[in-house]
Amino acid sequence: MVDYHAANQSYQYGPSSAGNGAGGGGSMGDYMAQEDDWDRDLLLDPAWEKQQRKTFTAWCNSHLRKAGTQIENIDEDFRDGLKLMLLLEVISGERLPKPERGKMRVHKINNVNKALDFIASKGVKLVSIGAEEIVDGNAKMTLGMIWTIILRFAIQDISVEETSAKEGLLLWCQRKTAPYKNVNVQNFHISWKDGLAFNALIHRHRPELIEYDKLRKDDPVTNLNNAFEVAEKYLDIPKMLDAEDIVNTARPDEKAIMTYVSSFYHAFSGAQKAETAANRICKVLAVNQENEHLMEDYEKLASDLLEWIRRTIPWLEDRVPQKTIQEMQQKLEDFRDYRRVHKPPKVQEKCQLEINFNTLQTKLRLSNRPAFMPSEGKMVSDINNGWQHLEQAEKGYEEWLLNEIRRLERLDHLAEKFRQKASIHEAWTDGKEAMLKHRDYETATLSDIKALIRKHEAFESDLAAHQDRVEQIAAIAQELNELDYYDSHNVNTRCQKICDQWDALGSLTHSRREALEKTEKQLEAIDQLHLEYAKRAAPFNNWMESAMEDLQDMFIVHTIEEIEVQQLVPKRDHALLEEQSKQQSNEHLRRQFASQANVVGPWIQTKMEEIGRISIEMNGTLEDQLSHLKQYERSIVDYKPNLDLLEQQHQLIQEALIFDNKHTNYTMEHIRVGWEQLLTTIARTINEVENQILTRDAKGISQEQMQEFRASFNHFDKDHGGALGPEEFKACLISLGYDVENDRQGEAEFNRIMSLVDPNHSGLVTFQAFIDFMSRETTDTDTADQVIASFKVLAGDKVSETPTRLMGADERACGWGWLRVPPCWPQNFITAEELRRELPPDQAEYCIARMAPYQGPDAVPGALDYKSFSTALYGESDL
């Protein structure tokens, strides 16, 4: 306890420090030793005392106003100790012991002693300042006490370039005013008389407030008033001096000048802190806005891609066949357009989506933000599942198209075969009914009848031979029906007509045979009558028969059908030649495609293997690796014309309806899938290196550390797949010294780490996730507290605007009943006005739109909760 009543001590007062001052500028005791003792004679100087009264009163009120009060008379208003204790609470931000009730002298002395004890607890040695003098209203002691408080709380902690307190403040003034003409700050009295130094300080920090070039050194009153008015109006620094008092005093009071100048220092220092805080917040918000933009881009791109997949799959699953091969070939052409025009951009979008997602997650990890969780149904895994469904539908659709074209091709062939056989049959039957119905036998002789019978027997043989053709026609018609031929109705009608006609021919044939046989019997009886005559005329008959045979032998009689067959032979030969030419062309197309495919396919496979080796080995710096990979990517893209040529050859093969190729094991589908995987893999690998560069730069990881991380990862990546399974990753952690063995505690620690490196529960740990984890373990820092502290700086040292009753647990016994008392807890709110004043417009509105209303006990209208906002930025677990 400091003895405030040491009467035998010399009559001096002022603070001295028990320890070193801030910034290496010496102790408070050393500083006070350098000061001339503040002796009684100087205090009696009316000009100085007037300046001190005005300055110290204004300084006290600049702080007391934060608590909703002020003083009018510095001698009287501190006598009961209440406002003195309140002043100390405001400027220190700490709570003093509870003041005593009552208005008796002893209560006032006890309250003042509590204030003096608090000052002493801050390392200040008070000499010859006692509570009784303050209670008695001793002006000299009261001014000395206030000066002590000013020194301790406004000047002592000033530190500039290894100097502190008064010397630090003086050096700060010299540095700030050095560029200004007619300003030479050497002290805190006469250097400020002309007012130019005050104006220079303001202009240096806020040039828009002062027209410095228009100021004249020979007009000090105007200069001083200009600086005082600008400071009060725009800088919230109350007017603590009168221009006339300074000008009319040979040597202005140093303590008054120092007090006033310290207010400028703190105002501009606070502005610098606010600027630094605002810059930090702006940087954090810029990162957050960029991340949110990436999230929005991901959500939109994912939605668009999923919507495209949703619309495309039904089209690919549509299996409604067309009637003609031409219509199906148009469907195949549409499918080619889909593969050639519509799908490739979506492949790029999917690849870019995965790259954006990985980059976003890396940036979030690097800035200590929670991992991004897309909307339900829009995870990368959801998109991959949708894409897999798409490709299954696509493969099934192409197979269906080709099978349907084969079916239609067979249908066309069968239909043509049906028409051909039907036409031949119909041509053969043409006139047959009329011939069978002809009654030529009624006027025929016996020989004619026999000839007609022989002819009829030949016809019956021919008819029996045509039975197979009719059965073939019926069988083809049946197959066309079973294969759902679009023109089955006409086929069935024609087939039925042929069958009906065939039945009619059979019936007519039977009837004609009966008629011929009956007529033959009749003529044979008549012939018997002529037998005798015939015997007698035998020689003549023999001659006649021989002549007739000779005449008949001169002509080789053929049927019309036999003649038509002879005419079809050249046509058949021509068709065979055309088919031979077609098959030769098809074989050429097969060999041409196979030749190109057998080059492109292995090339793609080789490149995939090379990329796998590159991603594992990763020689050189990350920048070297990135440059190498981008060159590699360009070489891959430059190979695209070879794939385009293969697509053209494949189109020719499909147009020729070629469905097999014994010369190659590669199909166009295999080549396409391989090419898409190749482009995706190189893009992912480049993105991984870019993210590693982001991580390295953000975490300060050296190239040697990166190589060490890579070596550890590769050692346990046994299958060289670029990712570690849970057991491989556990073995890697154990090798690095992590206690993740199979006991309960080790399992819990391993599960914690897995939740960090595999938030999507894929069961795999990528190298990027691995280095993120390793860098987090070694270099991670929490920036959420920095953001909260920065908001606190922007919010200032505001206190509650809600009056606190000075009774009860925190009572302040005084005569005015209600008093706004500064709280003892940090303020967690900021106002929209403050945000708009300190931050760029877009970022201010960004904060205002996202900050929840502050609900604390010290809330004021329009208060915003910046702590919960910061918590939301970094996640609850980070705070």
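The rules behind these values
- Residues numbered from 1 in each chain as written.
- Predicted model: local features only at pLDDT ≥ 70, side-chain atom pairs only at ≥ 80, totals over all residues.
- Heavy atoms only, no water.
- Helix = DSSP H or I, 4+ residues; strand = E, 2+ residues; numbered from the N terminus.
- Buried < 20%, exposed > 50% of the residue type's maximum accessible area, 1.4 Å probe, protein only.
- Contact = heavy atoms within 4.5 Å.
- Areas by Shrake-Rupley, 256 points an atom, 1.4 Å probe, with all protein chains shown as cover.
- Core = buried A, V, L, I, M, F, W, Y, C linked by side-chain atoms within 4.5 Å.
- Axes fitted to C-alpha atoms, helices over the stretch in contact; angles between N-to-C directions.
- Parallel < 35°, antiparallel > 145°, perpendicular 65-115°, else oblique.
- Left-handed = near helix turned anticlockwise from the far one by under 90°.
- Nonpolar A, V, L, I, M, F, W, Y, C, P; charged D, E, K, R; others polar.
- Polar contact = N/O pair within 3.5 Å; in protein donor to acceptor, adjacent residues only side chain to side chain.
- Phe/Tyr/Trp six-rings, centres within 6.5 Å; stacked < 30°, edge-to-face > 60°.
- Lys NZ or Arg CZ within 6 Å of the ring centre and 35° of its normal.

**Here we look at the overall build of the protein**
The secondary structure content of the protein amounts to 31 helices and 8 strands. Every one of the 879 residues in the protein was classed for burial, and the buried ones make up 45%. The long-range fraction of contacts in the protein, counting pairs at least 24 apart against all pairs at least 6 apart in sequence, stands at 73%. Accessible surface for the protein amounts to roughly 45500 Å². Of this, 51% is attributable to carbon and sulfur atoms.

**Remarks on the nonpolar core**
In this structure, W192, F198, I202 and F264 are the most contacted members of the largest nonpolar core, which totals 81 residues. Considering each element in turn, this core owes the most residues, 10 residues, to helix α7 (residues 139-155). When residues no more than four places from it in sequence are discounted, the contact partners of I202 are P207, L209, I210, A227, V230, A231, L235, F264 and F268. Counting residues in hydrophobic clusters, the runner-up holds 49 residues, among them L626, I693, L724 and I753.

**Observations regarding the packing of helix α28 (residues 784-795) against helix α31 (residues 866-874)**
Two numbers describe how α28 lies on α31: the axes approach to 9 Å, and their chain directions differ by 155 degrees. Between α28 and α31, the interaxial angle falls into the category roughly antiparallel. Considering the relative orientation of α28 and α31, their crossing is right-handed. Contact residues: α28 offers A784, V787, I788, F791, K792 and A795, while α31 offers Y866, K867, F869, S870 and Y874. Within the contact of α28 with α31, the residues separate by chemical class into 8 nonpolar, 1 polar and 2 charged.

**Brief notes about unusual backbone geometry**
Despite not being glycine, N182 shows a phi value in the positive range, around 65 degrees. Of the residues examined, N182 reaches a relative accessible area of 47% and is grouped as partly exposed. One non-glycine residue, D236, lies in the positive phi region at around 60 degrees. On the accessibility criterion, D236 (48% relative accessible area) is partly exposed.

**Points about the environment of E254**
Within the element layout of this structure, E254 appears in helix α12 (residues 254-317). A sequence separation of 67 residues divides E254 from N187, and the C-alpha atoms of the two residues are 8.2 Å apart. Of note is the side chain of E254, whose polar atom sits 2.9 Å from the side chain of K166.

**Some words on the packing of aromatic side chains**
Counted under the stated rule, the structure contains 33 aromatic pairs. For the pair Y180 and Y212, a centre-to-centre distance of 4.9 Å together with 65 degrees between the ring planes defines the contact as edge-to-face. In this pair, Y180 sits in the loop between α8 (165-177) and α9 (196-205) while Y212 sits in the loop between α9 and α10 (220-234), placing the two residues 32 residues apart along the sequence. Residue Y180 is classed as buried on the basis of its relative accessible area of 13%. Taking the relative accessible area as the measure of exposure, Y212 reaches 7% and is therefore buried. Through a chain of ring-to-ring contacts, three or more aromatic side chains come together here, namely F188, W192, F198, F228, Y260, F264 and F268. Directly above the ring of F153 sits R152, whose terminal nitrogen or CZ lies 5.2 Å from the centroid.

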